[in-house]
Number of protein chains: 2
Amino acid sequence: MKKYIQILKKTQLFSEISEEEITAMLPCLRAELKTYKKGEFILMQGESLDKILVLAEGKLHIQCDDYWGNRSIINMILPGEMFGEAYATPQSGTLTNDVLATEDSAVIFFDVKQILTVCSSACRFHTTVIRNLFFAISEKNRKLVKKIMFISKRTTKEKLIAYLSEEARQHKNNTFSIPFNRQQLADFLSVDRSAMSNELCKMRDEGMIEFEKNRFTLL
Amino acid sequence: MKKYIQILKKTQLFSEISEEEITAMLPCLRAELKTYKKGEFILMQGESLDKILVLAEGKLHIQCDDYWGNRSIINMILPGEMFGEAYATPQSGTLTNDVLATEDSAVIFFDVKQILTVCSSACRFHTTVIRNLFFAISEKNRKLVKKIMFISKRTTKEKLIAYLSEEARQHKNNTFSIPFNRQQLADFLSVDRSAMSNELCKMRDEGMIEFEKNRFTLL
DNA sequence: ACCGGTCGGTTGTATTTACAACAGAAATGA
DNA sequence: TCATTTCTGTTGTAAATACAACCGACCGGT
């Protein structure tokens, strides 16, 4: 666990809290570390959850396979990001999605009750964590809305333009790498991979974009 | 404002807090009431926001019109529901959506800084409000994920089935009313209205569903 | 070097969708 | 009441999509 303190310090959840204070808080928040191999599921649909999770290392997909095997990637989790928070409340019921490790990953579990219950004395920074939790879940919310704005576009081309524009905006650069391969991007945008591949090449031929593997440039 | 205290008591934000205590807290949270006519915008894309809003009366749509005039209804707000919370944090930037009153509406504004800053003495229930805020935003999050699961289906029919099934599940009844007319439902599911209308009638003819106006029955 | 697997691009076809235009029913308002 | 507007369903056509199948490039392991 110790090796991940520095990572936790950089997370939104522990923003403005020092490494020493984080170390002191870990037992109070009942932190546990688990590791997963690429391809393993961290959480599965139908389970219930009373933990908030932070990805310390690796890469995860929040996803959902339907009855016919169509996969939908709801969200991607990168190191330092929090997940599970929306299903860790009393009213939330069981999970509606799977969480899959797409690389070897390390995940830290925190007890949500411990976070929300301001404890006796030790944790002066407890209220800071609660506020950070609110900021983090707000950001998640905005991410989901952004995703809705991508996939609510009617055509594959429009979805691609919306997604790539947003990536460029976030990277503050017209050239950037995306965290998906083609199949994953198609699953994220809810379109057919081959149709999307086709559309990307058309956009390249029209001079709108350039790309090589996961690296894109908007022109 | 007084007439809405009873409504506030029923909201998730003020769960477990009595009417007297809510009344006492209102000045502390800098509550303000504003009313809007049907068709007016409460918030518009590009504005910045440092308030959390609760709908006291009426109906709102969180929506987004693109360059070509295609409307996407991100979410619908019913009385007692909170909104704006995801854009009221320091990091959140300006609004990416419009908020439109689809009926005459009354909205209560709360200062988010006041909510997140535990104040001196008067508000014993401040921490309860913060926790409630977390629960509420968690629920919003789950709602958004559900919506993503609807619109990530590939065909209009599948989207309809996913949406109607979820409505039936929530109403715990195979017969239920939906809060949209046809155009709004199409905007919510990101499909063409006429194509959706067509699909609904096909499903009716196949014996899958029955409907009359906004009232649906799954068979 | 060989093999198997993954990945990205291409093509063709059947299906589905968007879009526009129209008509009847229902609701609205003067 | 009548006129107007809104809502819903219907149709036809052009466009876009899903799906399946195939190919070559690349990569890692043996």
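Nothing here was measured: the structure is a model prediction, and the numbers come from that model.

Criteria and thresholds
Residues numbered from 1 in each chain as written. Chains lettered and ligands numbered in written order. Predicted model: local features only at pLDDT ≥ 70, side-chain atom pairs only at ≥ 80, totals over all residues. Heavy atoms only, no water. Pairing = 2+ DSSP bridges. Helix = DSSP H or I, 4+ residues; strand = E, 2+ residues; numbered from the N terminus. Axes fitted to C-alpha atoms, helices over the stretch in contact; angles between N-to-C directions. Contact = heavy atoms within 4.5 Å. Buried area = accessible area lost by both parts, 1.4 Å probe. Salt bridge = Lys/Arg side-chain N within 4 Å of Asp/Glu carboxyl O. Polar contact = N/O pair within 3.5 Å; in protein donor to acceptor, adjacent residues only side chain to side chain. Expected span 1.5 Å × (residues − 1). Buried < 20%, exposed > 50% of the residue type's maximum accessible area, 1.4 Å probe, protein only. Phe/Tyr/Trp six-rings, centres within 6.5 Å; stacked < 30°, edge-to-face > 60°. Least-squares fit on C-alpha atoms with pLDDT ≥ 70 in both. Near = heavy atom within 4 Å. Nonpolar A, V, L, I, M, F, W, Y, C, P; charged D, E, K, R; others polar. Parallel < 35°, antiparallel > 145°, perpendicular 65-115°, else oblique. Left-handed = near helix turned anticlockwise from the far one by under 90°. pLDDT = per-residue confidence, 0-100.

**Observations regarding the sheet that holds strand β11 (residues 215-218) of chain B**
Residues and elements named next belong to chain B.
Right, on to step 1. Strand order in the open sheet formed by 3 strands is β9-β11-β10, and the pairing between neighbours is antiparallel. The strands lining the two open edges of the sheet, one partner per strand, are β9 (175-177) and β10 (209-212). Between one strand axis and the next, the sheet turns by 20° as a mean value, whatever way the strands run.
Right, on to step 2. Bridge count between β9 and β11: 3 bridges; the pairing is antiparallel. Bridging across to β11, Ser177 finds its partner in Arg215.
Right, on to step 3. Those strands touched by helix α7 (residues 193-205) are β10 and β11, and its axis lies near 125° from that of β10.

**Things to note about the interface of chain A and chain B**
Right, on to step 1. Each partner contributes residues to the interface: chain A has 43 residues there, and chain B has 43 residues.
Right, on to step 2. Taken over both partners, the interface formed by chain A and chain B buries close to 3900 Å², and the fraction arising from carbon and sulfur atoms is 67%.
Right, on to step 3. In this assembly, chain A and chain B are joined by 0 salt bridges.
Right, on to step 4. Here chain A and chain B share 6 residue pairs in polar contact (both at pLDDT 80 or more) between them.
Right, on to step 5. At the level of secondary structure, the elements contributing two or more residues to the side of chain A that touches chain B comprise β5 (71-77), α3 (112-116) and α4 (126-151) of chain A.
Right, on to step 6. Among the elements that make up the side of chain A that touches chain B, the one with the highest residue count is α4(A) (16 residues).

**Quick word on helix α5 (residues 156-171) of chain A**
Because an α-helix completes one turn every 3.6 residues, residues spaced three or four positions apart along the sequence face the same direction.
Residues and elements named next belong to chain A.
Right, on to step 1. The end-to-end C-alpha distance of α5 is 22 Å, a good match for the 22 Å that 16 residues give at a rise of 1.5 Å each.
Right, on to step 2. Every buried residue of α5 is accounted for by Thr156, Glu158, Lys159, Leu160, Ala162, Tyr163, Leu164, Glu166, Glu167 and Ala168.
Right, on to step 3. Along its buried surface, α5 packs onto α4, β9 (175-177), α6 (182-189), α7 (193-205) and β11 (215-218).
Right, on to step 4. Among the residues trailing α5, Lys172 stands out with phi positive, at a value near 50°.

**Structural notes on the packing of aromatic side chains**
Residues and elements named next belong to chain A.
Right, on to step 1. In the structure shown here, the tally under the stated rule is 14 aromatic pairs over all chains.
Right, on to step 2. An angle of 55° between the planes, with centres 5.5 Å apart, marks the rings of Phe14 and Phe110 as tilted. Of this pair, Phe14 sits in the loop between α1 (5-10) and α2 (19-28) while Phe110 sits in strand β8 (residues 105-111), and the two are 96 residues apart along the sequence. Of the two residues, Phe14 and Phe110, both sit in the buried class.
Right, on to step 3. Here a set of aromatic residues connected by ring pairs shows up, and it is made of Phe150, Tyr163, Phe180 and Phe188.

**Things to note about the relation of the copies chain A and chain B**
Right, on to step 1. Least-squares fitting of chain A to chain B yields an RMSD of 0.1 Å, with the transformation described by 0.0 Å of translation along the axis and a rotation of 180°. Taken together, these values place the two copies in the relation of a two-fold axis.

**What to know about the protein's contact with DNA strand D**
Right, on to step 1. What surrounds DNA strand D is a group of 15 residues, the closest being A:Thr156, B:Arg182, B:Asn198, B:Cys201 and B:Phe211.
Right, on to step 2. Interatomic distance of 2.3 Å between a backbone N/O atom of A:Thr156 and a phosphate oxygen of DNA strand D.
Right, on to step 3. Along the lines of polarity and charge, the residues of the surface near DNA strand D split into 3 nonpolar, 7 polar and 5 charged.

**Section: the protein's contact with DNA strand C**
Right, on to step 1. In the region of DNA strand C, 16 residues are neighbours, and A:Arg182, A:Asn198, A:Phe211, B:Thr156 and B:Lys213 sit closest.
Right, on to step 2. Within the contact set of DNA strand C, a base oxygen lies 3.0 Å away from a side-chain nitrogen or oxygen of A:Arg193.
Right, on to step 3. Between DNA strand C and the protein, one listed contact pairs a phosphate oxygen with a side-chain N or O atom of B:Lys213 at 2.4 Å.
Right, on to step 4. For the surface near DNA strand C, the secondary-structure elements that each account for two or more residues are α7 of chain A together with α7 of chain B.
Right, on to step 5. Element by element, the count of residues in the surface near DNA strand C is highest for α7(A), at 5 residues.

**Here we look at the pairing of strand β7 (residues 98-101) of chain A**
All names here are of chain A.
Right, on to step 1. The alternating pattern of β7 places Asp98 and Leu100 on one face and Val99 and Ala101 on the opposite face, and all of these are buried.
Right, on to step 2. With 2 bridges joining them, strand β2 (residues 41-43) and β7 adopt antiparallel strand pairing. Within β7, the position partnered with Leu43 by the bridge is Val99.

**So, the packing of α4(A) against helix α4 (residues 126-151) of chain B**
Right, on to step 1. Between α4(A) and α4(B), the least distance of the axes is 10 Å, while the angle of their chain directions is 20°. By the angle between their directions, the pair α4(A) and α4(B) is classed as roughly parallel. Handedness of the crossing formed by α4(A) with α4(B): left-handed. Across from A:Ile130, A:Leu133, A:Phe134, A:Ile137, A:Ser138, A:Lys140, A:Asn141, A:Leu144, A:Val145, A:Lys147, A:Ile148 and A:Ile151 in α4(A), the residues of α4(B) making contact are B:Ile130, B:Leu133, B:Phe134, B:Ile137, B:Ser138, B:Lys140, B:Asn141, B:Leu144, B:Val145, B:Lys147, B:Ile148 and B:Ile151.
Right, on to step 2. By residue class, the composition of the contact of α4(A) with α4(B) is 16 nonpolar, 4 polar and 4 charged.

**Examining the sheet that holds β11(A)**
All names here are of chain A.
Right, on to step 1. Spatially, 3 strands are ordered β9-β11-β10 in an open sheet, and the strand pairing comes out antiparallel. Of all strands in the sheet, those bounded by a partner on one side alone are β9 and β10 (209-212). Mean inter-strand twist for the sheet, computed between neighbouring axes without regard to direction, equals 20°.
Right, on to step 2. Running over the sheet, α7 touches β10 and β11 and is turned about 125° from β10.

**Comments concerning the side chain of A:Arg142**
Right, on to step 1. Residue placement: A:Arg142 occurs in helix α4.
Right, on to step 2. Setting aside residues no more than four positions away along its own chain, A:Arg142 makes contact with B:Ala86, B:Tyr87, B:Thr89, B:Gln91 and B:Ser92.

**Some details on the confidence of the model for chain A**
Right, on to step 1. Scored by pLDDT, chain A comes out at a mean of 90, with 95% of its residues at no less than 70.
Right, on to step 2. In the model of chain A, α3(A) stands out as the element of lowest mean pLDDT, 85, in contrast to strand β6 (residues 82-83) of chain A, which has the highest, 96.

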